[in-house]
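Each chain is listed here by its residues.
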Amino acid sequence: MSLAREVWLVAGKDLRVEARSRVTLNQVLPFGAVVLLLFAFALDPDRGLLSEVAPGLFWVAVLLAAVLAVSRSFAVEAEHGAIDGLRLSGLDGASVFLGKTLAIAVQLLLLELVLGIGVVVFYDTAVRSVAVLVLAGVAATVGIAATGTLFGVLAAGLRTRETLVPLLLLPIVAPVMLGATRAFEAGLDGVPSEAWPWVQLLALFAVLYLGVGVLAFGSLLEDA
Amino acid sequence: MSDAGFVVAGYVITAVVLIAYIGWMAARFRRVRRGLTEEELERWR
Amino acid sequence: MRLRAAVCLLGRFPALAGTDLDVHEREVLLLSGPNGAGKTTLLRLLAGLVRLRSGKAEVLGVDLARDRRSHRRRLGFMGHDTLCYDDLTVRENLRFATRSAGATAATADDVLTRVGLEEQADVAHQRLSAGQCRRLSLAVALSRSPDLLLLDEPHAGLDPAGRSMLDSVISEAPSAGTTVIVASHETERVRSLADREVRIVGGRAERAVLERPSVDSAPSAEGGP
Amino acid sequence: MISLARPAVNALGLLTLVALFVLAVLALGVVPPDAVQGDAQRLMYVHVPAAWLAYLAFFVTAVSSALYLWPRTRQPGWDLLAGSSAEIGVIFTGLTLVLGSLWGRPVWGAWWVWDARLVTTAVLFFLYLGYLALRRVPADPDVRARRAAIAALIAFVDVPIVHFSVNWWRTLHQEATVFNPDLDAQIEGSMAWTLLFAVVAFTLAYGYLMARRVQLARLEEGREERELDAAIAARVASGSERTDLEDRVPGEGTGKGNIGDPAVAGAGEHR
């Protein structure tokens, strides 16, 4: 079976599980919205200030939601020994990695879309370039999903995985956080052309960790 | 605090960290060594 | 296949401590022994799911110390869990298993009929009863027409109809070219199907308790592939 | 594999002690205070070498992790080296941050400034704190070593990206980096020599700490191995004893002998 078909098989399985259980829709998305709401309380909903810091708040909310999405992705595998089924299936480690990354990325992108509309409406921010937002959003999300999947499998068999994953993941994605925030600042209420170096950085990060995952995931899955 | 105060604090902290780390290792050494036979201790030395 | 002085750890506990075992091609082997003897770990070792700490293990011509993966597509494994996803239906779970192993979705439907789950095909996994879960487990194991079938306590939780279905699966397997290893406490039942019985005690295989001259297996007791 | 005899380690320890003492005398007494920063600048002689040592330690962690992962050089020793070095690295990263704060307060007027180098160092601290947390999770030694080695490489790949992006961020928004703790090229002669000596002294300290830490790790691992071997031997013994006692009719009631045996009772059938 070709790599693309294997990737799609795994991603399709994860997305179907998600479509049935609706955990992202019913729990992770409201969680992200609550985070944004709390930021507004904490910062005193003085409109000028909120729209200024909106990109940073948005990405912090996305990052926290990503931690939940990753742990959900591997909680599903932990039930009924499904991860053993995955190992026994004979699927290539790289396909499982790319498939799970793709599924997490798709969920996060949908979540970002909803949260993004919320930010624009409730934080009253201008939108100067949709292209910048989309490109930066996709590149950042793929990077977060790839590192998240890597650390998810790294901690999959461990009892402390709920606390270990955020501790490992959040420092690693610090550059993504920084790059995505700067790119969004430029795309929302700044000079869109200033975003390109940051988009490149995000793309570099995504490609790098996709590569690491393709190489290392199989071996980590064996010991999960 | 004067400038000298900050400097002294910095050097004292450095010394304390080094000593504490070495002390912590020594405590662990003692704990491990309790389980060793004479022969193994000799080999380690 | 052949095991020599195999040692496996579960965390820091030596579940298998110096196990020697030979299995002949196309035989039905019963593994008996008390709880905690290491039967499950032995099956998981053969499936490549646990790491070999020391010793030698060769399964379907693959050295498990070097490669725990390449024999998996020729393997059917029925463990305590179904290895399935709660939110997917029986058919979806089975199709995912067959397609990921490179077989077609049609195989999945055949197997479903064989284990008697065709009525439950569109029921979500989380709604299955314990016995139906066992049937699904067996279906997943059979779905890739394995050369080696590993069954861990397969009879537990099955109703009489399910048990006789399982018995016929086991007894028909050798003629289809499949080797079967069954770990079971239902020794009387499985003995009538098995060519040989090996007792596992304290993480080691004791000598064979039951030897039945079989048409298919090699005449020498300790030979084999 | 790096492993020193005990007298050599002790000699190294003594040498380190002398070097650090001489450094303290030089830095606090002999070298003149900085023209601009005054006495506060004396913190440079511990802050800069501590930072150097932290980076050196993480570099050693990355190299030994790679050596562990590469099949031809795979040895448990590399894993111990990686773990020990990361631990020392985290301690010195923490020290670097504290010393930097102490230096920054009198010179910049703030405990913390969002300078590129500071942020990078702080992220580094948390990256390797996570790595150490992962190492502390109990597991099969081989599994743990492989997992830790991959995590170390994942973290190490991130270091240049973090540095680059933070640097970029702070230069695009030129506000905070007016006070640069960088060494000027025109640094006065005695200062430069003292700093060089400080780096050598701290590197000696790293060597000594590593030698001790690796020894400790080796001993602890040795003890774990012995416990495992004992457990395996006990398991083998319990097995042969049982078959002698038992008549060979297997059945449901034979589990009795195992129930009292803590090793077996704790095992269960699952992983």
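Computed from a prediction, not measured in an experiment: that's the story for all the values here.

**Remarks on the overall build of chain D**
In terms of helices and strands, chain D carries 8 helices and 0 strands. Buried positions account for 48% of the 271 residues belonging to chain D. The long-range share in chain D, meaning contacts at least 24 apart out of those at least 6 apart in sequence, stands at 78%. A total of about 12,700 Å² of accessible surface is found on chain D, and carbon and sulfur atoms cover 66% of it.

**A word on the overall build of chain A**
If you tally the helices and strands in chain A, you get 9 helices and 0 strands. Along chain A, helices and strands appear, N-terminal first, in the series α-α-α-α-α-α-α-α-α. The globule rule puts the C-alpha radius of gyration for 224 residues at 17 Å, and the 18 Å found for chain A is close to it. Residue burial in chain A is summarised as follows: out of 224 residues, 58% are buried.

**Structural notes on the environment of A:Val70**
All names here are of chain A. Summarising the element assignment, valine 70 is placed in helix α3 (residues 47-78). When the C-alpha atoms of valine 70 and glycine 93 are compared, they prove to be 17 Å apart, with 23 residues separating the residues in sequence. In contact with valine 70, other than residues within four places in its own chain, are Ile104, Gly148, Thr149, Gly152 and Val165.

**Looking at the pattern of salt bridges**
If you walk through the whole model with that rule in mind, you get 34 salt bridges over all chains. Across the salt bridge formed by A:Arg20 and C:Glu92, the nearest N and O atoms sit 2.7 Å from each other. Of this pair, A:Arg20 sits in helix α1 (residues 3-21) while C:Glu92 is found in helix α2 (residues 90-100), placing the two residues in two different chains. Between C:Glu188 and C:Arg191 there is a salt bridge, with its nearest N and O atoms 3.2 Å apart. Here C:Glu188 pairs with C:Arg191, and both are found in helix α6 (residues 187-191), just 3 residues apart, close to one helical turn. Judged by relative accessible area, C:Glu188 falls into the exposed class, the value being 57%. Overlapping salt bridges, with partners in common, bring together A:Lys13, A:Asp14, A:Glu77 and A:Lys100 in one network.

**Overview of the environment of C:Ser70**
Mapping C:Ser70 onto the fold places it in the loop between β5 (62-63) and β6 (75-78). Judged by relative accessible area, which is 46%, C:Ser70 ranks as partly exposed.

**Concerning the interface of chain A and chain C**
Many descriptions give the size of an interface as the accessible area lost when the pieces come together. Chain A puts 29 residues into the contact, and the matching count from chain C is 27 residues. Across the chain A/chain C interface, buried area totals approximately 2,500 Å², and carbon plus sulfur atoms make up 52% of it. Between A:Glu6 and C:Arg73 there is a salt bridge, with the nearest N and O atoms lying 3.4 Å from each other. For the pair chain A and chain C, the number of links is 18 residue pairs in polar contact (both at pLDDT 80 or more). Mapped onto the side of chain A that touches chain C, the elements with two or more residues apiece are α1, α3 and α4 (82-88) of chain A. Sort the elements by how many residues they give to the side of chain A that touches chain C and α1(A) lands first, with 9 residues. Of the residues contributing to the side of chain A that touches chain C, the split by class is 9 nonpolar, 7 polar and 13 charged.

**Quick look at the nonpolar core**
As a rule of thumb, soluble globular proteins bury nonpolar side chains together. In terms of nonpolar packing, the biggest core is built from 108 residues, with D:Tyr128 and D:Tyr131 touching the most fellow members. The residues contacting D:Tyr128, other than those within four sequence positions of it, are D:Phe58, D:Thr61, D:Ala86, D:Val90, D:Ala152, D:Ala155 and D:Phe156. Of all hydrophobic cores here, the second largest spans 46 residues; its members include B:Val32, D:Met191, D:Leu195 and D:Phe202.

**Overview of the pairing of strand β4 (residues 52-59) of chain C**
Residue and element names in this part refer to chain C. Where β4 meets β5, 2 bridges bridge the pair, whose relative direction is antiparallel. Paired with valine 59 across the two strands is valine 62, which belongs to β5. Connecting the antiparallel pair β4 and β5 is a turn made up of 2 residues, with leucine 60 showing a positive phi of about 50°.

**A closer look at the packing of aromatic side chains**
The tally for this structure, following the rule as stated, stands at 16 aromatic pairs over all chains. Measuring from ring centre to ring centre gives 6.1 Å for C:Tyr85 and C:Phe96, while their planes differ by 75°; the resulting arrangement is edge-to-face. One end of the pair, C:Tyr85, is in the loop between β6 and α2; the other, C:Phe96, is in helix α2, and 11 residues separate them in sequence. This pair shows no difference in class: C:Tyr85 is buried, exactly as C:Phe96 is. If you follow A:Lys100 out to its NZ or CZ, it ends over the ring of A:Phe74, 5.2 Å from the centre. Above the plane of the ring of D:Tyr68 lies D:Arg74, whose end atom (NZ or CZ) is 5.2 Å from the centre.

**Topic: the confidence of the model for chain D**
Residues and elements named next belong to chain D. Looking at chain D as a whole, the pLDDT averages 80, with 80% of positions reaching at least 70. Considering each helix and strand of chain D separately, the mean pLDDT is smallest for helix α7 (residues 256-259), with a value of 34, and largest for helix α2 (residues 44-69), with 94. Every residue in residues 173-181 is under pLDDT 50, and counting partners more than four places away or in other chains gives 9 contacts. A low-confidence stretch, residues 242-271 stays under pLDDT 50, and its non-local contacts, those more than four residues away or across chains, total 49 contacts. On the interface metric, ipTM, the complex scores 0.86, and its pTM is 0.87.

**Some remarks on the confidence of the model for chain A**
Atomic detail in the predicted coordinates should be set aside for any region of low pLDDT. In the predicted model, chain A carries a mean pLDDT of 91, and the fraction of residues at 70 or more is 99%. Per-element averaging of pLDDT across chain A places helix α2 (residues 23-42) of chain A at the bottom with 89 and helix α6 (residues 130-154) of chain A at the top with 95.

**So, unusual backbone geometry**
Residues and elements named next belong to chain C. Unusually for a residue other than glycine, leucine 83 sits at a positive phi of about 60°. Positionally, leucine 83 belongs in the loop between β6 and α2. Residue classification places leucine 83 among the buried residues on the basis of a relative accessible area of 13%. Positioned with a positive phi, serine 145 is a non-glycine residue whose angle comes to about 35°. Looking at the secondary structure, you find serine 145 in the loop between α4 (130-142) and β7 (148-152).

**Description of the state of the cysteines**
All names here are of chain C. Counted according to the given criterion, the structure contains 0 disulfides over all chains. Distance from the sulfur of cysteine 84, which forms no disulfide, to the nearest cysteine sulfur (cysteine 133) is 8.2 Å. When its relative accessible area of 2% is taken as the criterion, cysteine 84 is described as buried.

**Focus on the side chain of C:Glu153**
All names here are of chain C. Within the element layout of this structure, glutamate 153 appears in the loop between β7 and α5 (160-172). Buried charged residue glutamate 153 carries no salt bridge. Nearest counter-charge: lysine 39, at 4.9 Å. Setting aside residues no more than four positions away along its own chain, glutamate 153 makes contact with Lys39, Arg134, Ala183, Ser184 and His185.

**Observations regarding helix α3 (residues 105-114) of chain C**
An α-helical turn contains 3.6 residues, so any two residues separated by three or four positions project in the same direction. All names here are of chain C. Burial in α3 covers these residues: Ala108, Val111 and Leu112. Angular distribution of buried residues about the axis of α3 spans 105°; they occupy a single face of the element. Considering only its buried residues, α3 is in contact with α2 and α4. Positive phi shows up at glycine 116, right after α3, with a value of about 75°.

**A closer look at the side chain of D:Arg42**
Examined against the element boundaries, D:Arg42 turns out to sit in the loop between α1 (6-30) and α2. Apart from residues lying up to four places away in sequence, D:Arg42 is in contact with B:Val7, B:Tyr11, D:Ala27, D:Leu28, D:Gly29, D:Val31, D:Pro32 and D:Pro33.

**A short note on the pairing of strand β9 (residues 196-201) of chain C**
All names here are of chain C. Most of β9 is tucked away, with 6 of its 6 residues classed as buried. Burial along β9 is two-sided: the residues Arg196, Val198 and Ile200 and Glu197, Arg199 and Val201 are all buried. Bridge analysis of strand β3 (residues 28-32) against β9 gives 4 bridges, and the strand direction is parallel. Looking across to β9, one finds that serine 32 is bridged to arginine 199.

Definitions and limits used
- Counting from 1, residues in each chain are numbered in the order their sequence is written.
- For naming, the first written chain is A and the first written ligand is 1, with later ones following in the order written.
- Only residues with pLDDT of at least 70 are given local features in this predicted model, and only at 80 or more are side-chain atom pairs given and counted; all residues enter the totals for whole chains, interfaces and linings.
- As a convention, hydrogens and water are excluded, and side-chain values are obtained from all of the structure's heavy atoms.
- Only DSSP runs of H or I reaching four residues or more are called helices, and only runs of E reaching two or more are called strands; each is numbered from the N terminus.
- Any residue under 20% of the maximum accessible area for its type is buried, any over 50% is exposed, and the rest in between are partly exposed; the area is computed with a 1.4 Å probe on protein chains only.
- Only heavy atoms matter for contacts: two residues are in contact if any of them lie within 4.5 Å across the pair.
- Under the convention used here, a 1.4 Å probe and the Shrake-Rupley method define accessible areas, while residue burial counts only the protein chains that appear.
- For a compact globule the rule gives 2.2 Å times the number of residues to the power 0.38, and the radius of gyration it is set against comes from C-alpha atoms.
- By definition here, a salt bridge exists when the distance from a side-chain nitrogen of Lys or Arg to a carboxyl oxygen of Asp or Glu is within 4 Å.
- Here the quantity called buried area is the accessible surface, traced with a 1.4 Å probe, that two parts lose on coming together, added over both.
- Within 3.5 Å is the distance limit for a polar contact, defined as a pair of N or O atoms, with the added protein rule that one can donate a hydrogen and the other accept it, and that residues adjacent in sequence qualify only through two side-chain atoms.
- When residues are sorted by character, Ala, Val, Leu, Ile, Met, Phe, Trp, Tyr, Cys and Pro go into the nonpolar class, Asp, Glu, Lys and Arg into the charged class, and all the rest, Gly among them, into the polar class.
- Take the buried Ala, Val, Leu, Ile, Met, Phe, Trp, Tyr and Cys residues and link them wherever side-chain atoms come within 4.5 Å; each set so joined is a nonpolar core.
- A pair of strands counts as paired when DSSP detects no fewer than two bridges linking them.
- When two rings of Phe, Tyr or Trp (its six-membered ring) have centres within 6.5 Å they constitute a pair, described as stacked for plane angles under 30 degrees, edge-to-face for angles over 60, and tilted for the intermediate range.
- Here, a charge over a ring is recorded when the distance from Lys NZ or Arg CZ to the ring centre is within 6 Å and its angle to the ring normal is within 35 degrees.
- As a per-residue measure, pLDDT tells how confident the predictor is, with possible values from 0 to 100.
- When two cysteine sulfur atoms lie within 2.5 Å, the pair is treated as a disulfide.
- We score Asp and Glu as negative and Lys and Arg as positive, and we do not count His or the chain ends.
- Taking the helix axis as origin, the arc is that swept by the directions to the C-beta atoms.

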